[in-house]
Amino acid sequence: MKKKKKVASETDIAIERYKAFLATSSEAIWRFELDEPILISLSIRKQINLIYKHAYLAECNDALAHMYGMKSGEEMVGTRLGDLLPRSEKANIEYLTNFIKSDYRLVDAESKEYDRNGEVHYFVNNLVGIVENGKVLRAWGTQRDITKQRTLEEQLFHHSRLLENISDAVISIDLDKKITSWNAGAEMLYGWKQDDVIGKYISDIIPVKEFVTSSLKDYRESLKKIGKWMGEVIQNNKDGASLHILGTVSVVTDDKGKTIGVVALNRNITEKKKSEDERNWLLAEVQYQRKRLNDIMNDVPGIIWEAYGKPDQQSQRINFVSGYVKKMLGYSVSDWLNTPNFWLKIVHPEDREKAAAVANEKFEKKQSGVNRFRWITKKGKVIWVDAHSSVIVDGSGKAIGMRGVTMDITQSKMADDALQISEAKYRNLVQLAPDVIYSIDLEGKLISLSPSFEVLTGWKVKDWVGKHFLGLVHPEDTEYAKERFISGLKVPLKEPYHIRIMTQKGRVIVGEFRSTPYFENGKLIGLIGIGRNITERIELEKRKDDFISMASHELKTPVTSLKLYTQVLEKQFSKTNEKGTGHALEKMNNQIERLTNLIGDLLDLSRIQAGKLHIRPAVFSLTEVTQEVVESIQATTTHPLIFRSTENISVYADKERVAQVLINLLTNAVKYSPDQEKIVIIFKVQESSVIVSVRDYGQGISKEHISKIFDRFYQIQENGKSAGGLGIGLHISNEIIKRNGGEMWVQSKEGYGSTFFFSLPLPK
Ligand code: ADP
């Protein structure tokens, strides 16, 4: 009995101890009982089914209850396994499978369960099943809640994955500014490997080259004050390439709030910046272009406009009009935009109907073109305008509006009108002119002929327009006419030229022509010219020449006789020594000498005209002849004549004629040097000829006369008076020199004297 009691009390103690342990354990302890034992020989699937069917919580401590969000173990007793270990959770099936497989014994097996609030809990279980006679009866177990640890782990995992995956660089540094962490993003961004940088000073690896959005000072102050900084900086990567970085830097503290370092999250925005820069550039460009377009539109000295709707209808809406309206018409842009059909309202009443009709037609026909009409400005001034427009069409090709530019053409219209009037005048002039005004195209075809052509030639204008002009030219003049035509296309031919023309009746008339190249829009079209019939004039000249020739011949004989008689008389009177008579005779002799010279000149001229000036060349001393001439002229004048020839120069020419030329040049030099200035004669041998120059310091010859000085009868008139003479001396001299194989020319400046030159061939 005593022993039994003792045994019983030992059991009691054991139970008590167990209960106390159960109650105080922080580990959850439980016992699941099965309503019906389960055969362990059954398949795992069947066993699991039966476990879910029969297992219930038979005993547990409070710790377990707490894990499920309850107060005491007693509350939980009786709970079916399925309520705690949901079948739906794959992990739980796995857990039970493992339990069965491992002989109903599990160590540190994880289960995922839900508490009464539906919150997830992760538990680590140690359990053992009680098997008797091939059947499972119950299971004992303990479990630990690892939910917190698990979530932390999961978070950590998640975070680490995140850190690895983000392309942003996550870099942490300690208080010494040494790098303590460097993620894959940082490796990617900067090109430095983690191993290369951990423990290094950050300023040695990725120093900030430049603060873009704030300064180093801001950065420090911001970290100090709010523990955070965000901004843009420029840094280099390992290769030295510049990176534009958007950085977020935060201060890191430990659980006690003590600063332990900073962590930076750096993002590469180089590309973004670049595209941002590009966008900004584009934006600026667009703005610039828009401004430019605006400026252009406002600078155009005309109104640029755009309008929708039919041009003559109230529904017309002006959509745009450039600022020039104000300048041109005095109406403001808003006047235009706010009044439908404004353009038509200010059209001159006389033009309104037509202007509207023209605009409408263009609109209907979708035609671009010009509409010319008058506008009345705000101040009441009338201006002429040209509205150049084109039609705006919609997607289906329907005309919906018009746009264009309208220009003030008042000035040019007036000029045009004036031109039209002057053109009409000019046309009249052409019609009435006694001269033939004509135009010829580049090929030589006659484009136009004025009416006097018919009077002068007897031909009809219409028979010759379109034909080649050479058809009118005397065959002997064809080559010359062609040459003049070709030159005439190049330069204006101001010097008239003579061409013989055949009339309709086969008569020959002499035409005197002048022409000038003719351009249209800057392009050479041909030439225009003026022609005059000078046949009569030429005939008159010929008759005059004939008369001079005849008169001089007729005069020559009596004058020669006269001269002889005076010589006889002189001889007689020299014996009587009568002073008065001798003097008169001398004078008479001089006059007769002059007369002889004049007649001689006239005869020479006639010979030249008739082509009969004969030259008898021989070798003679030019030096001697010149000396003789100089001496004889010097005897008649006080002008110092200076001639020094160092060597004796001979020429091959007509001695008498050359002397005549020298006399002529020297008398001219004397005659046209009124102040007794010196006259210098110089020889210069050049190649096979000698050049003689006669230089005077007299009145000189002005430019306009120089080219004509060798023409016959050409005299320079001073105040309408000539200095005497016939104006043929130089003409004869020139002809003489030409016929002797030389040339004659002159250099002169008005007021500074002249130099006449002539060349003569040296003997071979
Ligand atoms: P003229 O009989 O009138 O002298 P010329 O044929 O000899 O005729 O000369 C023509 C014109 O040339 C003269 O009228 C004169 O005006 C001008 N002339 C000739 N020689 C000279 C000169 N040495 N200096 C200035 N003018 C001259």
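Note that the structure is a prediction, hence the values are computed from the model and not measured. (Residues numbered from 1 in each chain as written. Predicted model: local features only at pLDDT ≥ 70, side-chain atom pairs only at ≥ 80, totals over all residues. Heavy atoms only, no water.)

A. Looking closely at the packing of aromatic side chains. Going through the model one piece at a time under the given rule, you end up with 20 aromatic pairs. A centroid spacing of 6.5 Å and a plane angle of 90° characterise the contact between Phe-710 and Phe-756, whose relative ring orientation is edge-to-face. Of this pair, Phe-710 sits in the loop between α25 (703-706) and α26 (729-739) while Phe-756 sits in strand β28 (residues 753-761), and the two are 46 residues apart along the sequence. In this structure Phe-710 comes out as buried when scored by relative accessible area, which is 15%. The class for Phe-756 is buried, based on a relative accessible area of 8%. If you follow Arg-484 out to its NZ or CZ, it ends over the ring of Tyr-497, 5.5 Å from the centre. A cation over a ring is seen here: Arg-695 above Tyr-697, with NZ or CZ 4.3 Å from the ring centre. (Phe/Tyr/Trp six-rings, centres within 6.5 Å; stacked < 30°, edge-to-face > 60°. Helix = DSSP H or I, 4+ residues; strand = E, 2+ residues; numbered from the N terminus. Buried < 20%, exposed > 50% of the residue type's maximum accessible area, 1.4 Å probe, protein only. Lys NZ or Arg CZ within 6 Å of the ring centre and 35° of its normal.)

B. Region of the structure containing the sheet that holds strand β20 (residues 508-520). If you trace the 5 strands from one edge of the open sheet to the other, you get β18-β17-β21-β20-β19, paired in antiparallel fashion. Edge strands, defined here as strands with exactly one partner in the open sheet, are β18 (446-449) and β19 (493-502). Each strand axis lies, on average, 30° off the axis of its neighbour in the sheet, ignoring direction. (Pairing = 2+ DSSP bridges. Axes fitted to C-alpha atoms, helices over the stretch in contact; angles between N-to-C directions.)

C. Quick look at the site of the ligand. Every one of the 20 residues lining the ligand counts as a neighbour, but Asn-668, Tyr-672, Asp-696, Gln-715 and Leu-730 are closest to it. Within the side chain of Lys-671, one N or O atom sits 3.3 Å away from an oxygen atom of the ligand. Here an oxygen atom of the ligand sits 2.8 Å away from a polar atom, N or O, in the main chain of Leu-730. For the ligand, whose unbound accessible area comes to 530 Å², protein coverage reaches 96%. The set of elements that each furnish at least two residues to the shell around the ligand consists of α24 (655-671), α26 and β28. (Near = heavy atom within 4 Å. Polar contact = N/O pair within 3.5 Å; in protein donor to acceptor, adjacent residues only side chain to side chain. Areas by Shrake-Rupley, 256 points an atom, 1.4 Å probe, with all protein chains shown as cover.)

D. A look at the pairing of strand β4 (residues 120-132). Bridge count between strand β3 (residues 105-114) and β4: 8 bridges; the pairing is antiparallel. In the sheet register, Lys-112 faces β4, and the bridge partner there is Tyr-122. The antiparallel pairing of β3 with β4 creates a hairpin that spans 5 residues between the two strands, and Gly-118 there sits at a positive phi of about 85°. Strand direction decides the pairing type here: β4 and strand β5 (residues 135-145), joined by 10 bridges, are antiparallel. Along β5, the bridge assignment pairs Gly-129 with Ala-139. Connecting β4 to the next strand, β5, in antiparallel fashion are 2 residues, including Asn-133 with a positive phi near 50°.

E. Structural view of the pattern of salt bridges. Across all of its chains, the model carries 35 salt bridges by this definition. The shortest N-O distance in the salt bridge between Arg-31 and Glu-33 comes to 2.4 Å. A residue is classified by how much of its surface remains accessible, and Arg-31, at 18% relative accessible area, is buried. Looking at Glu-33, the relative accessible area reads 13%, which means it is buried. A salt bridge links Glu-276 to Lys-273; the nearest nitrogen and oxygen atoms lie 3.0 Å apart. Of this pair, Glu-276 and Lys-273 are both found in helix α12 (residues 270-299), 3 residues apart, which corresponds to roughly one turn of the helix. (Salt bridge = Lys/Arg side-chain N within 4 Å of Asp/Glu carboxyl O.)

F. Examining helix α16 (residues 349-365) more closely. A rise of 1.5 Å per residue sets the reference length of α16, with its 17 residues, at 24 Å; its end C-alpha atoms lie 25 Å apart and thus fit the reference within 8%. The set of residues buried in α16 consists of Asp-351, Ala-355, Ala-356, Ala-359, Asn-360, Lys-362 and Phe-363. Contacts from the buried residues of α16 go to α15 (342-345), β14 (369-376), β15 (382-393) and β16 (399-408). Looking one or two residues past α16, Lys-366 carries a phi angle of roughly 55°, positive in sign. (Expected span 1.5 Å × (residues − 1). Contact = heavy atoms within 4.5 Å.)

G. Quick look at the side chain of Lys-413. Counting through the fold element by element, Lys-413 comes out in helix α17 (residues 410-432). On the accessibility criterion, Lys-413 (16% relative accessible area) is buried. With sequence-adjacent residues up to four places away left out, Lys-413 is seen in contact with Arg-372 and Trp-384.

H. Layout of the side chain of Glu-89. As for its placement among the helices and strands, Glu-89 is situated in the loop between α5 (81-84) and α6 (90-101). Judged by its relative accessible area of 17%, Glu-89 is buried. When residues no more than four places from it in sequence are discounted, the contact partners of Glu-89 are Lys-112 and Tyr-114.

I. Here's a closer look at empty space enclosed by the protein. Inspection of the entire model under this criterion finds 3 cavities of 30 Å³ or more. By volume, the largest cavity is sized at about 360 Å³. Taken together, 26 residues form the lining of the largest cavity, with Tyr-438, Phe-469, Leu-472, Ile-501 and Phe-513 sitting closest to its centre. Only β17 (436-441), β18, α18 (452-457), α20 (478-490), β19, β20 and β21 (523-533) provide two or more residues apiece to the lining of the largest cavity. The element that contributes the greatest number of residues to the lining of the largest cavity is β20, accounting for 5 residues. Residues of the lining of the largest cavity, tallied by class, amount to 19 nonpolar, 5 polar and 2 charged. Roughly 310 Å³ of internal volume is contained in the second largest cavity. Forming the boundary of the second largest cavity are 25 residues, of which Trp-30, Phe-32, Leu-81, Leu-96 and Ala-139 lie nearest the centre. Secondary-structure elements contributing two or more residues to the lining of the second largest cavity are β1 (28-39), α2 (44-54), β2 (55-60), α5, α6, β4 and β5. Here the lining of the second largest cavity takes 5 residues from β1, the largest share from any one element. Across the lining of the second largest cavity, the residue classes tally to 19 nonpolar, 3 polar and 3 charged. (1 Å grid on protein atoms, 1.4 Å probe; cavity = no way out; pocket = protein on both sides within 12 Å on 5 of 7 lines; lining within 4 Å. Points joined across faces, edges and corners; volume = space filled by probe spheres on them. Nonpolar A, V, L, I, M, F, W, Y, C, P; charged D, E, K, R; others polar.)

The values reported here are purely geometric and, on their own, carry no functional implication.
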